[in-house]
Amino acid sequence: MQALCRDCLTQFDAPEAAPGRARRCPSCASPRVVAHAELFDLSIAHMDCDAFYASVEKRDNPELAGKPVIIGGGRRGVVSTACYVARIRGVHSAMPMFQALKLCPDAVVIRPRMEVYAAVSRQIRAMMEDLTPAVEPLSLDEAFLDLTGTGKLHGAPPAVMLARLIRRMKDELGLTGSIGLSHNKFLAKVASDLDKPRGFSVIGRAETADFLRDRPVRMIWGIGPAAQAALDKAGIRTFADLLRWEQRDLQARFGTMGERLYHLARGQDRRRVVANAPMKSISNETTFHEDTGDADILDGHLWRMAEKVSDRAKAKGLAGRVVVLKLKRADHSLLSRRVALRDATQMADRLYRSARALFDQLGDPGPYRLLGVGLAELCPEAEADKSGDLLDPGAARRSGAERAADEIRKRFGADAILKGRALR
Amino acid sequence: MKISIERGTLLKAVAQAQSVVERRNTIPILANVLIEAEGDQVQFRATDLDVEVVDKAPAQVERAGATTVAATTLHEIVRKLPDGALVTLTADNAAGRLTVEAGRSNFSLATLPKEDFPVMASSEYQSNFSAPAAVLRRLFDKSKFAISTEETRYYLNGVYMHVADGETGKVLRCVATDGHRLARIDADLPGGAEDMPGVIVPRKTVGELRKLLEDDDMQIAVSVSETKVRFATPDITLTSKVIDGTFPDYSRVIPQNNTRRMEVDAADFAKAVDRVATVSSERSRAVKMQLDQDRLVLSVNAPDSGAAEEELAVAYDDERLEIGFNAKYLLEIASQVDRENAVFMFNSSGDPTLMREGNDQSAVYVVMPMRV
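Since this is a predicted model, take the numbers as computed values, not measurements.

A short note on the overall build of chain A
Scanning chain A from N- to C-terminus turns up 15 helices and 15 strands. When the backbone C-alpha atoms are referred to their principal axes, chain A occupies close to 80 × 55 × 45 Å. By sequence separation, contacts in chain A at least 24 residues apart represent 63% of the contacts at least 6 residues apart. Across chain A, 67 positive and 54 negative side-chain charges occur, with their mean positions spaced 1 Å apart.

This is how it looks when you write it as structure tokens:
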């Protein structure tokens, strides 16, 4: 069986492992050996950093070593990353902070330093791009890599190059990551999660069907609680349940998701690894210090979120044709509304007014714990904000004022000029 | 219930009913048409709870009675029957079936009890008047293109029909706008309409109403209350809720002081706009108008796909002007003009532009320009 030592990168042919005895590298005797019949033939990978934000903090502050570290915002925020020490105590990402602190009262809570993480992420990205141009980042700390056809160039199969990448991240950046290697994106992503942290998991073509059969469908990326509930209703819990459905029936019941499920159930995923995938939406959200149904306070948040989204859109030269409003009620249930604009926009004023109109039509008094505003169906800014509104003759003046304020902020800083609304 | 009815008569009545029925709906009875037979007449009623249509047709009623059956299925069947066939409808309410027979064809359809069918509550109408079909047709046909589909401004999702002060006294006026263009159409005020409350007639109702207005000389009975509007011919009654909202004050939107006048043959203009817009790649299809002394140059410059230019002879005697519009909006307003030349009144490249037919003030259109 094809085998690779993840420490010294020696490739060797390993016999079937004797039960109860771990394989060791014949060259350096390390137990960190990955062996698989298809190891050197697979080329689609998913790389996921281990507890990325927390690891960066621990690296930069040795005093944190061994302590539970939680990265997240404020008393009311949620955990964005927990280090493995905190995870042992039951803390996980997306958990409300108060709950995390109940489980782990001695945790060191650190506000995220996004600029630092982004800089480290760029370093990792550069290392990945040394392996292949087909790198598709999913976030700051994970990415798909397609190494198909790079064997000749590197003089080594993809598995070796990936083990080398992880070793390089450890040596040069002091960070660890896990690799999932398979024959498509779906399985690569599933694999990277099997053996965290510092994992290297392989799902070959031969065992794909066996591997999936009894696993729950909720492990599919993108199946959230709502989709899960719909699947439960149809009696679909595992991949084996899915296999019993005809493609037609799945499509009729779940639409485009149904078609995707049909193929995923068979371990098929034809999506390509795309570098520089165009951005699909821009959104910002905030969790409040305390739940509120106060229209004035919510209005302030609405404006600030609209302004943030607008700032980002302007910075990227983009605009959007659809405005999205997202609210989370006190019981964590989600409420989402969208409206299509006739003329795409990147202006905070139009974004705010559209979101505000959606808000006014909710007919739900709250209280809410989170509010988000987003722009979707993006287009270049040249195609946006081209015509005024007959029924809103003040719009042109406000848009002029916004452009002028942007200029002032560019020169004197983001706080140089604020709307009164932003102070609510 | 057992009736016999000529296929063509049945098709007309059922077609009207099935177009009111919503394609996708969650309440099964709303997919049905209520058929009631009595005397020598049969009545077909369909509703989506906002709009209701009742269509009467002559029939041989062998046994009076009523039932409800899926409107689209019945329509499909009748549509496919041969022309001139005599159709017999027999309801077996105990079995919950309606039999449709014509020649050697025989269909058996599931029914729902007539008691479950929601009949729109009748209401008091404050204003009752009658107007020729041709007048109503002009009012709605010329304004409906400007109806908004934007859900956040639901009060724009219809035509605002009201009594207004026109140039020469009171008029019956229809206005529609989506914030990018506006249409304001006037007609002589029919007798009895003076006290009509202003109502916003929903888009769907406007579409259904159109089918009642084919015959020019037909007098349409119109009834209006604060919450409902009704249009009736001797055979068909269309009742609709109106949009519960306030239509914006459109009068301040209509430019009064646009002085730069361009006159052009509307058909030539529309064809030229359509031609140059072909190369536009954007969704909004912006067309630039460049005006000089008696000369208009229409152009599109789309960096990704190409460029187009066309020159047109016009009557224009003012300063040079460059202004951009959405091609679709220009085509829509130009297509409203059918007798005289189109007259455009501009101010600046950022201000709303007004268009009318010759000097006719009874149909006025406003379009918002766009940056090009």
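What about the domain arrangement of chain A?
Each assigned domain of chain A is listed here: domain 1 (37–206), domain 2 (210–265) and domain 3 (281–423). Between the C-alpha centres of domain 2 of chain A and domain 3 of chain A the distance comes to 36 Å.

A short note on the pattern of salt bridges
The full count for this structure, using the stated rule, is 66 salt bridges over all chains. We note a salt bridge from Lys314 of chain A to Glu402 of chain A, for which the minimum N-O separation is 2.7 Å. Taken together, the positions of Lys314 of chain A in helix H13 (residues 295–316) and Glu402 of chain A in helix H15 (residues 395–412) put the pair 88 residues apart, joining distant regions of the chain. Owing to a relative accessible area of 19%, Lys314 of chain A belongs among the buried residues under this scheme. A salt bridge links Arg210 of chain B to Asp141 of chain B; the shortest N-O distance between them is 2.9 Å. Placement of the pair is Arg210 of chain B in helix H4 (residues 203–210) and Asp141 of chain B in helix H3 (residues 133–141), with a sequence separation of 69 residues. Several salt bridges share partner residues, and in doing so they unite Glu307, Asp311, Lys314, Glu402, Asp406 and Arg409 of chain A into one network.

Details of the UniProt feature "domain: DNA polymerase III beta sliding clamp N-terminal" (unreviewed entry) in chain B
As annotated by UniProt and renumbered to match this structure, "domain: DNA polymerase III beta sliding clamp N-terminal" (unreviewed entry) occupies residues 1–120 of chain B. For residues 1–120 of chain B, the helix share is 20%, the strand share is 48%, and the end-to-end C-alpha distance is 23 Å.

Some points on the UniProt feature "active site" (unreviewed entry) in chain A
Residue and element names in this part refer to chain A. Within the UniProt annotation, "active site" (unreviewed entry) is assigned to Glu142. One can find Glu142 in strand S9 (residues 142–146). Excluding anything up to four places from it in sequence, Glu142 contacts His46, Met47, Asp48, Pro137 and Lys189. Side chain to side chain, Glu142 and His46 meet in a polar contact 2.7 Å long.

Concerning the interface of chain A and chain B
Chain A puts 18 residues into the contact, and the matching count from chain B is 25 residues. Taking both partners together, chain A and chain B bury about 1,900 Å²; carbon and sulfur atoms supply 52% of that area. Together, Arg342, Leu390 and Leu391 of chain A form the three largest contributors to the area buried by chain A at its contact with chain B, with a combined 42%. Counting across the chain A and chain B interface gives two salt bridges. Note that Asp389 of chain A and Arg153 of chain B form a salt bridge whose closest N and O atoms lie 2.9 Å from each other. One can count ten residue pairs in polar contact (both at pLDDT 80 or more) joining chain A with chain B. Sorting the residues of the side of chain A that touches chain B by element identifies strand S14 (334–345) and helix H14 (348–360) of chain A as the ones contributing at least two each. If you tally residues by element for the side of chain A that touches chain B, the top one is S14 of chain A, at three residues. Residues belonging to the side of chain A that touches chain B are distributed by class as follows: seven nonpolar, three polar and eight charged.

Side note on the pairing of strand S20 (residues 295–302) of chain B
Residue and element names in this part refer to chain B. Burial of S20 is extensive: six of the eight residues sit out of reach of the surface. Where strand S19 (residues 286–292) and S20 come together, five bridges link them in antiparallel fashion. Across the sheet, Gln290 pairs through a bridge with Val297, a residue of S20. Counting the residues that bridge the hairpin from S19 to S20 gives two residues, and of these Asp294 lies at a positive phi of roughly 50 degrees. Here eight bridges tie S20 to strand S21 (residues 306–313), and the two strands are oriented antiparallel to one another. Bridging from a neighbouring strand, Val300 pairs with Ala308 of S21. Counted along the chain from S20 to the antiparallel partner S21, the turn is three residues long.

Remarks on unusual backbone geometry
Residue and element names in this part refer to chain A. Residue Pro197 follows Lys196 across a cis peptide bond; omega there is -10 degrees. Relative to the assigned elements, Pro197 resides in the loop between helix H7 (185–192) and strand S11 (200–202). Although it is not a glycine, Arg198 sits at a positive phi angle of roughly 55 degrees. Here Arg198 falls in the partly exposed class, since its relative accessible area comes to 41%.

A few points about the sheet that holds strand S12 (residues 281–292) of chain A
All names here are of chain A. Spatial ordering of the open sheet is given by S12-S15-S13-S14, a layout of four strands whose pairing is antiparallel. This sheet does not close on itself; its edge strands, each paired only once, are S12 and S14. Taken over all neighbouring pairs, the strand axes of this sheet differ in orientation by 15 degrees on average, direction set aside. In the sheet, S12 pairs with strand S15 (residues 368–380) via eight bridges, with the strands oriented antiparallel. Looking across to S15, one finds that Thr292 is bridged to Tyr368.

Side note on a nonpolar patch on the surface
On the surface, Ile408, Phe412 and Ile417 of chain A cluster together to form a nonpolar patch covering roughly 280 Å² of accessible area. The exposure class assigned to Ile408 of chain A is partly exposed, which follows from its relative accessible area of 33%.

As for the packing of helix H5 (residues 266–277) of chain B against helix H6 (residues 327–334) of chain B
All names here are of chain B. Taken N-terminus to C-terminus, the directions of H5 and H6 make an angle of 160 degrees; their axes are 9 Å apart at the nearest point. In terms of axis orientation, H5 runs roughly antiparallel to H6. Handedness of the crossing formed by H5 with H6: left-handed. Across the interface between the two elements, Ala266, Phe269, Ala270, Val273, Asp274 and Ala277 from H5 touch Ala327, Leu330, Leu331 and Ala334 from H6. Tallied by class, residues from the contact of H5 with H6 come to nine nonpolar, no polar and one charged.

About the cut-offs
- Residues numbered from 1 in each chain as written.
- Chains lettered and ligands numbered in written order.
- Predicted model: local features only at pLDDT ≥ 70, side-chain atom pairs only at ≥ 80, totals over all residues.
- Heavy atoms only, no water.
- Helix = DSSP H or I, 4+ residues; strand = E, 2+ residues; numbered from the N terminus.
- Contact = heavy atoms within 4.5 Å.
- Lys, Arg positive; Asp, Glu negative; His and termini not counted.
- Charge placed at Lys NZ, Arg CZ, Asp CG, Glu CD.
- Domains from an automatic or database assignment.
- Salt bridge = Lys/Arg side-chain N within 4 Å of Asp/Glu carboxyl O.
- Buried < 20%, exposed > 50% of the residue type's maximum accessible area, 1.4 Å probe, protein only.
- UniProt positions renumbered as here; feature names shortened; annotations may be inferred.
- Polar contact = N/O pair within 3.5 Å; in protein donor to acceptor, adjacent residues only side chain to side chain.
- Buried area = accessible area lost by both parts, 1.4 Å probe.
- Nonpolar A, V, L, I, M, F, W, Y, C, P; charged D, E, K, R; others polar.
- Pairing = 2+ DSSP bridges.
- Axes fitted to C-alpha atoms, helices over the stretch in contact; angles between N-to-C directions.
- Patch = residues over 30% accessible without salt bridge, like charges linked within 9 Å, V, L, I, M, F, W, Y side chains within 5 Å.
- Areas by Shrake-Rupley, 256 points an atom, 1.4 Å probe, with all protein chains shown as cover.
- Parallel < 35°, antiparallel > 145°, perpendicular 65-115°, else oblique.
- Left-handed = near helix turned anticlockwise from the far one by under 90°.

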